[in-house]
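Summary of the model geometry
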Amino acid sequence: MVFRKLPGVSASGMGLRLSQKFVFLLFLSALVTLCFGALFFLPDSVRLKRIFLSKTETQPVTVGSGSENDVREHFKKPKEQDHPRGMTSAKGESSTRLKSLRRKPPLPPLATEERLSGGRAQEDLTLSRTRTESASEKASAADRGSDSDTFSYARFQRCLLKPPLGRDHGKPSDPRTDERREKVKEMMKFAWDNYKLYAWGKNELRPLTKNGHIGNIGASIIDSLDTLYIMGLMDEYNDAKEWVKTSLDLNSNGEASLFEVNIRYVGGLLAAYYLTGEEVFRSKVLELGEKLLPAFSTPTGIPRGVINLGSGTSWSWGWASAGSSILAEFGTLHLEFVHLTELSKNPIYTEKVMNIRKLLNKIEKPHGLYPNFLSPVSGNWVQHHVSIGGLGDSFYEYLIKSFLMSDKTDGDAKKMYYEAMEAIEANLVQKSPGGLTYMAEWRGGILDHKMGHLACFSGGMIGIGADDGAPEKRQHYLDLAAEITHTCHESYSPTKLGPEAFRFDDGGEATATRLNDRYYILRPEVIESYMYMWRLTHDPKYREWGWEAVQALEQHCRVEFGFSGIRDVYTTAVSHDNMQQSFFLSETLKYLYLLFSDDDLLPLEDWVFNTEAHPLPVIRKSCLQDEKHDFL
């Protein structure tokens, strides 16, 4: 600010009369008061306060690529069938300085396989993982003397029926299957190396332009932690862990999807903690869990879909009917929130999700079905649109998985799931003229004969729920799961990759008849059902179908610097979308790796996968209570 010289002031600044001095001092005092008031009391003063913060203090992430429209464009959903799982949570730019990296050229597949198999390389891998396990063992030893009201990692480990990584890290005895598994590991390393080189700290890699997608809170890093660990890529895992420790900033200002933050970040950090015992993951996930609670501050307790992690304000998606919340979003919190209560011993997280369940049990359901839109203010359905694909899908998945994760003690979840299945079979399950079983969508009593790629998870879901159904329906459920998985395999086109949605009308048989349904964005749902059906039946066709998908991903989606989705699965003249989705690392490659591994790698008796494929352990309350008494 430029000040004009006041009259009566000499060149040396002396010679002021007493009254002038008094006026001058009064003016300066008012100016100082005004400046400091602006710094500390005005609404936007947080930016100015940073001037006075320690230079070493981490700066909050500002969400957005510099334009508010960029964020809105990335999150908008022009069509109902576009589901949040296709988006990335909490987009934004951070003041965190990215590390400068020198690129290490990716190893060719053969060299990678040789490096990771046998000899000294295998010894190094085992020793590296052993160091991590030793750290968790030390933490476990400390647990033995801890307060019985706190979570004990040692007790948790003793309540597992089998070692998480199996006898030999799930290595199959069949050489051909092992070779295929190593190929999937090489794909993961290739995708990760390019992400680290060109997009480190960003949410996703854009492999064609060799840069990062908007957002500096590392969705690909958090989503990859458990995948890297179970594959034995320990150098890569340790780099990811170090980023979480030093650079993950949970104070982002901007809109973030409650759903996406929960399934990717909360789920990813929980899984990493349960697999490794590293305290950094536990402390980060509990910090994040607290930041999600304000979204539940509604008249009904049904959370709104969008939250600002920095300020705690929340609101509904602009595209959602009448400010409603989405079934697949508020219905896909239960697994993670129950584990937040386990780790924190704070019941508030379980109370929040149980309140959702109570409301859903209380309100009337048309034909026993759960519509996709619910008002968080009135607690009533907004539209009668029902889908097992986008907008509805993972709500049903979390019902059966809540039952399984509770060590089969959560009777309410079991009852809700099987009642929902009866309604789905009565109203949505259809047979095509060609004999394919599919899940139609329901719009106020009118069927829309289409099925989304997202709905293809339901083969695996129905499969894992078969054993606990009514005895006379168990084989029926397993058959239904196989039929739906077969239909989804049939939707995989001549390129052996499937469209975003396919139809069964106008003579179509599992075919995308509309141009804007023909894209494939590296989605995992079909491969997810292959993995579950393999473990449930050991029918070799599921591994063969999985290998078809590996070859198709290599041929059509692998580019020079990563993997990219494609715009049309019906043409071999591929047009790429320039996006390596974080769920490709978390889900698609993980499910493929598990498909070609022995069943004792993350055995289903001990682990339940959240909807982002992050493994969460079964909670054996009786075992944990017995263990607790041992130390009293």
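Being a predicted model, the structure only gives us computed values, none of them experimental.

Structural notes on the overall build of the protein chain
- Helices and strands together make up the secondary structure of the protein chain, namely 22 helices and 19 strands.
- Here the protein chain holds 632 residues, and 57% of them are scored as buried.
- Considering only contacts in the protein chain between residues 6 or more positions apart, those separated by 24 or more positions represent 70%.
- Accessible surface for the protein chain amounts to roughly 26,300 Å². Of this, 54% is attributable to carbon and sulfur atoms.

Remarks on the packing of helix α10 (residues 258-276) against helix α13 (residues 334-344)
- It is at 10 Å that the axes of α10 and α13 come closest, and there the two elements cross at 45 degrees. Considered as vectors, α10 and α13 are oriented oblique to each other. For the pair α10 and α13, the crossing hand works out as left-handed. Residue-level contacts link Asn 262, Ile 263, Val 266, Gly 267, Leu 270, Tyr 273 and Tyr 274 of α10 to Glu 336, Phe 337, His 339, Leu 340, Glu 342 and Leu 343 of α13.
- A class-by-class count of the residues in the contact of α10 with α13 yields 8 nonpolar, 3 polar and 2 charged.

Some details on the sheet that holds strand β6 (residues 325-326)
- Spatially, 3 strands are ordered β6-β7-β8 in an open sheet, and the strand pairing comes out antiparallel. A single partner strand is all that each edge strand has here, and the edge strands are β6 and β8 (381-383).
- Where strand β7 (residues 373-374) and β8 come together, 2 bridges link them in antiparallel fashion. Residue pairing for β8: Leu 374 is matched across the bridge by Trp 381.

A look at the UniProt feature "binding site: Ca(2+)" (unreviewed entry) in the protein chain
- Here the UniProt feature "binding site: Ca(2+)" (unreviewed entry) sits at Thr 611.
- Tracing the backbone shows Thr 611 in the loop between β18 (607-609) and β19 (615-617).
- Take Thr 611: its relative accessible area is 1%, and that puts it in the buried class.
- Within the structure, Thr 611 has its side chain in polar contact with the side chain of Glu 397 (distance 3.0 Å).

Some details on the packing of α13 against helix α14 (residues 348-362)
- Taken N-terminus to C-terminus, the directions of α13 and α14 make an angle of 150 degrees; their axes are 7 Å apart at the nearest point. Of the possible angle classes, the one that applies to α13 and α14 is roughly antiparallel. At the point where α13 passes α14, the crossing takes the left-handed sense. In contact with His 334, Phe 337, Val 338, Leu 340, Thr 341 and Ser 344 of α13, α14 contributes Ile 348, Tyr 349, Thr 350, Val 353, Met 354 and Arg 357.

Some remarks on the UniProt feature "active site" (unreviewed entry) in the protein chain
- Feature annotation in UniProt assigns "active site" (unreviewed entry) to the following positions: Glu 260, Asp 393, Glu 500 and Glu 525.
- Relative to the elements of secondary structure, Glu 260 occurs in helix α10.
- On the basis of relative accessibility, which here comes to 0%, the residue Glu 260 falls in the buried class.

Some thoughts on the pattern of salt bridges
- In the structure shown here, the tally under the stated rule is 34 salt bridges.
- Among the salt bridges present, the one from Glu 236 reaches Lys 189, with a minimum N-O distance of 2.7 Å. Here Lys 189 lies in helix α7 (residues 175-199) and Glu 236 lies in helix α9 (residues 234-247), a separation of 47 residues in the sequence.
- Taking the relative accessible area as the measure of exposure, Glu 236 reaches 10% and is therefore buried.
- The structure contains a network of salt bridges with shared partners spanning Glu 441, Arg 443, Asp 448, Arg 503 and Asp 505.

Looking at the state of the cysteines
- Summed over all chains, the structure comprises 2 disulfides.
- Across the disulfide, Cys 159 is cross-linked to Cys 623 (sulfur-sulfur distance 2.0 Å). With the S-S bond torsion at -90 degrees, the cross-link from Cys 159 to Cys 623 turns out left-handed. Residue Cys 159 is located in the loop between α6 (153-158) and α7, and its partner Cys 623 is located in helix α22 (residues 621-630); the two are separated by 464 residues in the primary sequence.

What about α10?
- Between its first and last C-alpha atoms α10 spans 26 Å; for 19 residues at 1.5 Å apiece the expected length is 27 Å, and the two agree.
- The sharpest bend along α10 comes to roughly 25 degrees, located at Gly 267.
- Most of α10 is tucked away: 19 of the 19 residues are buried.

Looking at the packing of aromatic side chains
- All chains considered together, the criterion is met by 32 aromatic pairs.
- Here the aromatic rings of Trp 192 and Trp 200 are separated by 5.6 Å at their centres, their planes lie at 90 degrees, and the arrangement is edge-to-face. The burial state of Trp 192 is the same as that of Trp 200; both residues are buried.
- An aromatic cluster of three or more residues is present, and its members are Phe 151, Tyr 153, Phe 156, Tyr 273, Tyr 274 and Trp 607.
- The ring of Trp 200 carries Lys 196 above its face, with NZ or CZ at 5.8 Å from the centroid.
- Here the guanidinium or amino end of Arg 558 rests over the ring plane of Phe 190, the centre of that ring lying 3.8 Å away.

Brief notes about the nonpolar core
- Ranked by internal contacts, the top residues of the largest apolar core, which has 159 residues, are Leu 360, Tyr 396, Met 451 and Ile 462.
- Element by element, the count of residues in this core is highest for α10, at 12 residues.
- Each residue touching Ile 462, except ones within four places of it in the same chain, is listed here: Tyr 417, Met 421, Met 439, Tyr 477, Leu 480, Ala 481 and Ile 484.
- One finds Val 306, Ala 320, Ile 326 and Phe 373 within the second-largest nonpolar core, a separate group that totals 6 residues.

Considering the environment of His 489
- One can find His 489 in helix α18 (residues 474-491).
- As a C-alpha pair, His 489 and Tyr 530 span 41 residues in sequence and 9.1 Å in three-dimensional space.
- Residue contacts for His 489: discarding those within four places in its chain leaves Tyr 530, Trp 545 and Glu 548.
- At 3.2 Å, the side chain of His 489 and the side chain of Glu 548 are in polar contact.

Some words on the sheet that holds strand β5 (residues 314-315)
- Strands sit in the order β3-β4-β5 across an open sheet of 3 strands; the sheet is antiparallel. Looking at the sheet topology across the chains shown, the edges are occupied by β3 (256-257) and β5.
- Judged from the 2 bridges that link them, strand β4 (residues 306-307) and β5 form a sheet pairing that is antiparallel. Across the sheet, Val 306 pairs through a bridge with Trp 315, a residue of β5.

Cut-offs used in this document
- Residues numbered from 1 in each chain as written.
- Predicted model: local features only at pLDDT ≥ 70, side-chain atom pairs only at ≥ 80, totals over all residues.
- Heavy atoms only, no water.
- Helix = DSSP H or I, 4+ residues; strand = E, 2+ residues; numbered from the N terminus.
- Buried < 20%, exposed > 50% of the residue type's maximum accessible area, 1.4 Å probe, protein only.
- Contact = heavy atoms within 4.5 Å.
- Areas by Shrake-Rupley, 256 points an atom, 1.4 Å probe, with all protein chains shown as cover.
- Axes fitted to C-alpha atoms, helices over the stretch in contact; angles between N-to-C directions.
- Parallel < 35°, antiparallel > 145°, perpendicular 65-115°, else oblique.
- Left-handed = near helix turned anticlockwise from the far one by under 90°.
- Nonpolar A, V, L, I, M, F, W, Y, C, P; charged D, E, K, R; others polar.
- Pairing = 2+ DSSP bridges.
- UniProt positions renumbered as here; feature names shortened; annotations may be inferred.
- Polar contact = N/O pair within 3.5 Å; in protein donor to acceptor, adjacent residues only side chain to side chain.
- Salt bridge = Lys/Arg side-chain N within 4 Å of Asp/Glu carboxyl O.
- Disulfide = S-S within 2.5 Å.
- Expected span 1.5 Å × (residues − 1).
- Bend = angle between axes of the 7 residues up to and from the residue.
- Phe/Tyr/Trp six-rings, centres within 6.5 Å; stacked < 30°, edge-to-face > 60°.
- Lys NZ or Arg CZ within 6 Å of the ring centre and 35° of its normal.
- Core = buried A, V, L, I, M, F, W, Y, C linked by side-chain atoms within 4.5 Å.

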